[in-house]
Amino acid sequence: MRPLLDSSEPDSFELVNATGQGDVVLVCDHASNRIPIQLHTLGLSAQELSSHIAWDLGAFWVARYLSTRLDAPLFFSNYSRLVIDCNRNPEAGDSIPVSSAGIAIPGNQGITPQESLRRRQSLFDPYHAAIDRLLQARAGRASFLLSIHSFTPVLQGVKRPWPLAVCYEEASLWATRWLTALQTQLSAAVGNNEPFQIESDVDYTIPVHVQKHGVPAIMLEIRQDEICNQAAAKNWSEIIGNAWQMISSETPIIE
Ligand SMILES: [Zn+2]
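Small disclaimer: the values here were computed from a predicted structure and weren't measured.

A.B. asks: Would you mind going over the overall build of the protein with me for this structure?
C.D. replies: Assigned secondary structure in the protein consists of six helices and eleven strands. Relative to its length of 255 residues, the protein is compact, with a C-alpha radius of gyration of 18 Å against a globular reference of 18 Å. Dimensions along the principal axes, computed over C-alpha positions, put the protein at roughly 50 × 45 × 30 Å. Relative to its 255 residues, the protein shows a buried fraction of 51%. For the protein, the share of sequence-separated contacts (at least 6 apart) that also reach a separation of at least 24 residues comes to 82%. When the accessible surface of the protein is summed, it comes to about 11600 Å², and 52% of that surface belongs to carbon and sulfur atoms. Once the 18 positive and 27 negative side-chain charges of the protein are each reduced to a mean point, those two points are 4 Å apart.

A.B. asks: I would appreciate a short explanation of the coordination of the zinc ion in the present structure.
C.D. replies: In an ideal octahedron of six donors the angles at the metal are 90 or 180 degrees, and in an ideal tetrahedron of four donors they are 109.5 degrees. Around the zinc ion, the protein supplies H30 (ND1), D56 (OD) and H149 (ND1) as donor atoms, at distances of 2.0 to 2.2 Å. The sequence pattern formed by the donor residues of the zinc ion is H-x25-D-x92-H. Taken together, the positions of H30 in the loop between β2 (24-28) and α1 (46-49) and H149 in strand β6 (residues 144-151) put the pair 119 residues apart, joining distant regions of the chain. What makes H30 buried here is its relative accessible area of 5%.

A.B. asks: Could you clarify how one ought to interpret unusual backbone geometry in this entry?
C.D. replies: Among all residues save glycine, negative phi is the norm, and among peptide bonds the norm is trans. Cis geometry marks the peptide bond from E194 to P195, where omega comes out at 5 degrees. Assignment of secondary structure puts P195 in the loop between β10 (191-192) and α5 (205-213). At L42, a position not held by glycine, the phi torsion is positive, near 60 degrees. When you line up the elements, L42 lands in the loop between β2 and α1. Judged by its relative accessible area of 2%, L42 falls in the buried class. A positive phi angle, close to 50 degrees, is found at A101, a residue other than glycine. Following the sequence through the fold, A101 ends up in the loop between β4 (99-100) and β5 (103-104).

About the cut-offs
- Residues numbered from 1 in each chain as written.
- Predicted model: local features only at pLDDT ≥ 70, side-chain atom pairs only at ≥ 80, totals over all residues.
- Heavy atoms only, no water.
- Helix = DSSP H or I, 4+ residues; strand = E, 2+ residues; numbered from the N terminus.
- Rg over C-alpha atoms; globule rule 2.2 N^0.38 Å.
- Buried < 20%, exposed > 50% of the residue type's maximum accessible area, 1.4 Å probe, protein only.
- Contact = heavy atoms within 4.5 Å.
- Areas by Shrake-Rupley, 256 points an atom, 1.4 Å probe, with all protein chains shown as cover.
- Lys, Arg positive; Asp, Glu negative; His and termini not counted.
- Charge placed at Lys NZ, Arg CZ, Asp CG, Glu CD.
- Donors = N, O, S within 2.8 Å, 3.2 Å for Na, K, Ca; no water.

From the geometry alone we can't say anything about function, so treat these as descriptive.
Below, the structure written as structure tokens:
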């Protein structure tokens with residue numbers, strides 16, 4: 001099988017601050033809108049590839065600033081979720097989407113099982129194996145998984161009022177503390193499992209790594225118009241960092 005990535009292209013993912021000593025481990029599944037050269041933009045225009053269908057706008061900046069603020073290792077994918085979604089079960093139908101938000105993805109139509117496998121082995125598997133290894137290596141010390149995403153301000157004509165949201169699979173003390181710590185800093189309501197909640201048959205990163213490593217985890221979803229430039233993203237990383245400072249000064253969480 002021909003490698004998906006040419007030697008001139010970046011690896012499937014990057015790990016920043018690998019030896020970070022903080023208790024948080026950051027992941028950013030949808031950090032990039034890059035498409036491997038061989039896939040010819042998947043047949044999409046530059047405008048489509050710069051839109052939210054290809055990536056979580058602004059999420060990488062927030063994650064990168066947080067990695068410094070929390071002294072946290074950060075894993076981020078270097079390729080678009082349109083190539084293969086790192087937060088979907090690779091067996092699921094939308095792992096390699098044939099359309100997104102009503103836009104057909106020409107390069108994903110009718111692809112062979114071999115091509116699906118090539119994308120999985122090239123991009124998805126290395127990313128999750130590396131997260132696995134790090135969480136394994138940290139066994140015996142506190143680790144909290146924080147997954148950074150962003151969402152569009154309007155979807156199918158419906159406005160989303162929350163500037164930021166805490167999303168989780170099951171209610172937990174950790175999620176409650178995040179909600180409280182963020183809400184004390186903000187006048188607008190923090191989304192509580194809105195606009196998304198984590199579902200084990202839809203999401204992948206949190207359900208799978210939580211089950212395997214038993215770490216508390218939440219997803220922070222930030223509205224994209226709040227983080228449309230680096231200065232704004234840095235500001236949000238400070239708010240999130242302040243929330244973590246509040247949380248980590250409270251009684252240790254044993255879940
Ligand atoms: Zn996302």
